[in-house]
Amino acid sequence: MNFKALIILAISFLVFSCTTKEPVPMDLSENHVIPRPVSLEAAGSSFEITAKTKIILNKNDSTLQWLGNYLTDMINSPTGYKLKTMVTEDTPKKGYIHLVLSESTDLVAEGYQLDITPESITLKAKDHAGLFYGIQTLRQLLNSDIELNEQQAGPWLIASGTIEDYPEYGYRGAMLDVARHFFEPEEVKLLIDYLAMFKMNRLHLHLSDDQGWRIEIKSWPRLTEHGGSTEVGGGPGGFYTQETYAEIVKYAEERFITIVPEIDIPGHTNAALASYAELNCNNKATELYTGTDVGFSTLCTDKEVTYKFIDDVFRELAALTPGEYIHIGGDESHVTPLEDYIPFINRAQKIVESHGKKVIGWDEIAHADMLPNTVVQWWAKAENARRGIEKGAKVLISPAHKAYLDMQYDSTTQFGLHWAAYIEVDSGYIWDPTTIASGIDRDDIIGIEAPLWSETIADIDEAEYLIFPRLPGYAEIAWTPSELREWDNYKNRLGKQQTRFNKMGINYYESELVPWQPEKVESTELKN
Ligand code: ACM
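Structure report, in brief. Each chain has its residues counted from 1, running along the sequence as written. Side-chain atom pairs in this predicted model are given and counted only at pLDDT of 80 or more, local residue features only at pLDDT of at least 70, and totals for whole chains, interfaces and linings cover all residues. The side-chain numbers reported here are obtained from all heavy atoms of the structure, hydrogens and water having been left aside.

A word on the pattern of salt bridges. By definition here, a salt bridge exists when the distance from a side-chain nitrogen of Lys or Arg to a carboxyl oxygen of Asp or Glu is within 4 Å. All chains considered together, the criterion is met by 21 salt bridges. With its nearest N and O atoms 2.9 Å apart, the salt bridge here joins R139 to E147. Summarising the burial analysis for this pair, R139 and E147 share the class buried. Note that E476 and R493 form a salt bridge whose closest N and O atoms lie 2.8 Å from each other. Note that E476 is positioned in helix 14 (residues 471–479) and R493 in helix 15 (residues 487–495), a separation of 17 residues in sequence. Exposed residues in this analysis have more than 50% of their type's maximum accessible area, buried residues have under 20%, and partly exposed residues fall in between, with area computed by a 1.4 Å probe over protein chains only. The class for R493 is buried, based on a relative accessible area of 6%. Each of D177, R180, D209 and E455 takes part in salt bridges that share partners, so that together they form one network. In this text, helices come from DSSP runs of H or I with a minimum length of four residues, and strands from runs of E with a minimum of two, each type numbered from the N-terminal end.

Laid out in structure tokens, this is it:
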């Protein structure tokens, strides 16, 4: 071989070895995805997202396009790449990420399949929600720099293998009390993003209480003008115009989260009673209230105007609600005699149904008759949940001593209350909806919800301290089958989320029960 040929050979070898870099060995089984996927098989290699990666959509469909854009935005901001989406039904090509909507019979609602090879990624689902959840899994499989908005070095590796995943429960929710303290629309949207990250799909908004009325009702304008003008502690309060509220609903819907709006009646109604004298039995408007007592207010159940009022409120609210449920509260109506409470709740359910929605109410509503689709939200008394089941209702599981996000972690926690329990991170995780109370079986349960009451928290930073790190645990209880849920396994995955929480700027409680550990960066040697 002459010298020139040798040089050409050497250059070709160099070019070849640079362009066909061996995939980095990685172990998918070392992932720390929350909620834990139903099944996962590691293949020992990895896929690298590069500037040449394309996002391929298998159909011309506007929601699929939205999902493609969501994924490209997620990748483009921290990588600095300019990835684009492309619609084609072609089979996987090297370097591509395929989002596939498929009629395949082995897929279930909200479930997804991920096939990750060094050549390509295929994410397949029966519905758009399933694709969205598959994208959330990819997000957690990437190193946490993916959460940042400025350009990072990479590399952007995803361990290879297959994942098949689907939820245990159809209702996987949290609640935010925007009545005791008002939360700005941007704060609610941030919470929606947190729920989406962990594949939760319901956000219950507690929109009215003694201290504030937060949703504009055009036929009763003083509810917000006057009733929305303060909050616990006497701050300025606030409310959502119907237009702003509709934006929140849309933002949630795009992330496959349904807003469940609550107007709490007949108790917890001082803000309404202060706004309209005629809702009171004595025709005198009450004073606005900025304390934290409960159980002292009631709508006047004997007056016809009360039913005109709730009919107007639920009609306007139903028009703003694409979801199937409206929540009527019904808790702690201590000054409504039971003989008045029962017919009131019966009538309220019929009013909600007349506006095309199904009813959820706190567990006390089980004292009334149950319409066929009514759901009882167990927060205080399992016997009320059982009473509801006997009357044909389903149950939403939110026992305060396990699932209330406003319960303090321990006696030193700055925010929150402890009337139901102290709920450390392990205690919030180690329970199962089907065994926590006798007589409430899998078939009776639509899902779980973790409520966050806001007597002690005034903004999203303070809320985050109670939400994190417990929220991912509630998401896992709702998504992952019980046989795959173990505290020791979970706490290690949670601990490995620390770097991600930090990069996301989350104000979390650094529980000593969680083995927090900085994220291992897969292959720093590649950066050299
Ligand atoms: C509630 O915590 N009063 C439902």
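On we go from here.
Only centres within 6.5 Å qualify two rings of Phe, Tyr or Trp (six-membered ring in Trp) as a pair; their planes then separate them into stacked at under 30 degrees, edge-to-face at over 60, and tilted for everything else. Per the stated rule, a full pass over the model turns up 29 aromatic pairs. Note on Y70 and F132: the rings are 5.1 Å apart at their centroids and 55 degrees apart in plane angle, and the pair reads as tilted. Of this pair, Y70 sits in helix 2 (residues 62–79) while F132 sits in helix 3 (residues 128–141), and the two are 62 residues apart along the sequence. Here the aromatic rings of Y429 and W487 are separated by 6.1 Å at their centres, their planes lie at 50 degrees, and the arrangement is tilted. On the criterion of sequence distance, the pair formed by Y429 in helix 12 (residues 425–429) and W487 in helix 15 is long-range, its members being 58 residues apart. Residue Y429 is classed as buried on the basis of its relative accessible area of 3%. Members of the aromatic cluster, each reached through a chain of ring pairs, are W66, Y70, F132, Y133, F256 and W479. Taking NZ or CZ as reference, R255 lies 3.6 Å from the ring centre of Y251, over its face. Between the NZ or CZ atom of R347 and the centre of the ring of Y307, over which it lies, the distance is 3.9 Å. Criterion for a charge above a ring: Lys NZ or Arg CZ within 6 Å of the ring centre, and within 35 degrees of the ring normal.

Attention now moves to the sheet that holds strand 13 (residues 325–329). Paired strands, in this sense, are two strands between which DSSP finds at least two bridges. Pairing is parallel around the closed barrel formed by 8 strands, whose spatial order is 8-9-12-13-14-15-16-17. Adjacent strand axes in the sheet meet at a mean angle of 30 degrees, parallel and antiparallel pairs treated alike. Bridging between strand 16 (residues 394–397) and strand 17 (residues 445–452) involves 3 bridges; their strand directions are parallel. Bridged to L396 within strand 17 is G447. Under this scheme, a helix contributes an axis fitted over its contacting stretch, all axes are lines through C-alpha atoms, and angles between N-to-C directions fall in the 0 to 180 degree range.

Strand order in the open sheet formed by 7 strands is 1-7-5-6-4-2-3, with mixed pairing between adjacent strands. Looking at the sheet topology across the chains shown, the edges are occupied by strand 1 (39–49) and strand 3 (85–87). For this sheet, the mean inter-axis angle between neighbouring strands, taken without regard to orientation, is 25 degrees. Here strand 5 (residues 112–116) pairs with strand 7 (residues 156–165) via 5 bridges, running antiparallel. Paired with I116 across the strands is G161, a residue of strand 7.

With their axes 10 Å apart at the nearest point, helix 4 (residues 185–197) and helix 6 (residues 242–254) run at an angle of 15 degrees to one another. Accordingly, the angle class assigned to the pair helix 4 and helix 6 is roughly parallel. The handedness of the crossing between helix 4 and helix 6 is right-handed. Where helix 4 approaches helix 6, its residues P185, V188, K189, I192 and D193 are matched on the opposing element by T244, E247, I248, Y251 and A252. The nonpolar class holds Ala, Val, Leu, Ile, Met, Phe, Trp, Tyr, Cys and Pro. Asp, Glu, Lys and Arg form the charged class, and all remaining residues, Gly among them, are polar. Class assignment of the residues belonging to the contact of helix 4 with helix 6 gives a composition of 6 nonpolar, 1 polar and 3 charged. For classification, angles of less than 35 degrees are called roughly parallel, those exceeding 145 degrees roughly antiparallel, those between 65 and 115 degrees roughly perpendicular, and all remaining angles oblique. When the near helix sits turned anticlockwise from the far one by under a right angle, the crossing is termed left-handed; a clockwise turn instead gives a right-handed crossing. Two residues form a contact once any of their heavy atoms are found within 4.5 Å.

Right, let's talk about the nonpolar core for a bit. Nonpolar cores are built from buried Ala, Val, Leu, Ile, Met, Phe, Trp, Tyr and Cys residues. Side-chain atoms within 4.5 Å join them into one set. By size, the foremost hydrophobic cluster in this structure holds 151 residues, and its most contacted members are L99, W213, F309, I310, F314 and I440. If we skip the residues at most four places from it in the chain, L99 touches I55, I56, L57, N58, L64, L67, G68, L71, L123 and I135. With 7 residues, the next largest nonpolar core counts Y171, Y325, L396 and I446 among its residues.

This part takes up the pairing of strand 5. When you tally the buried positions in strand 5, you get 4 out of 5 residues, the bulk of the element. Two elements, strand 5 and strand 6 (residues 121–125), share 4 bridges in a ladder whose sense is antiparallel. Considered in strand 6, the bridge of I116 is made with I121. Connecting the antiparallel pair strand 5 and strand 6 is a turn made up of 4 residues.

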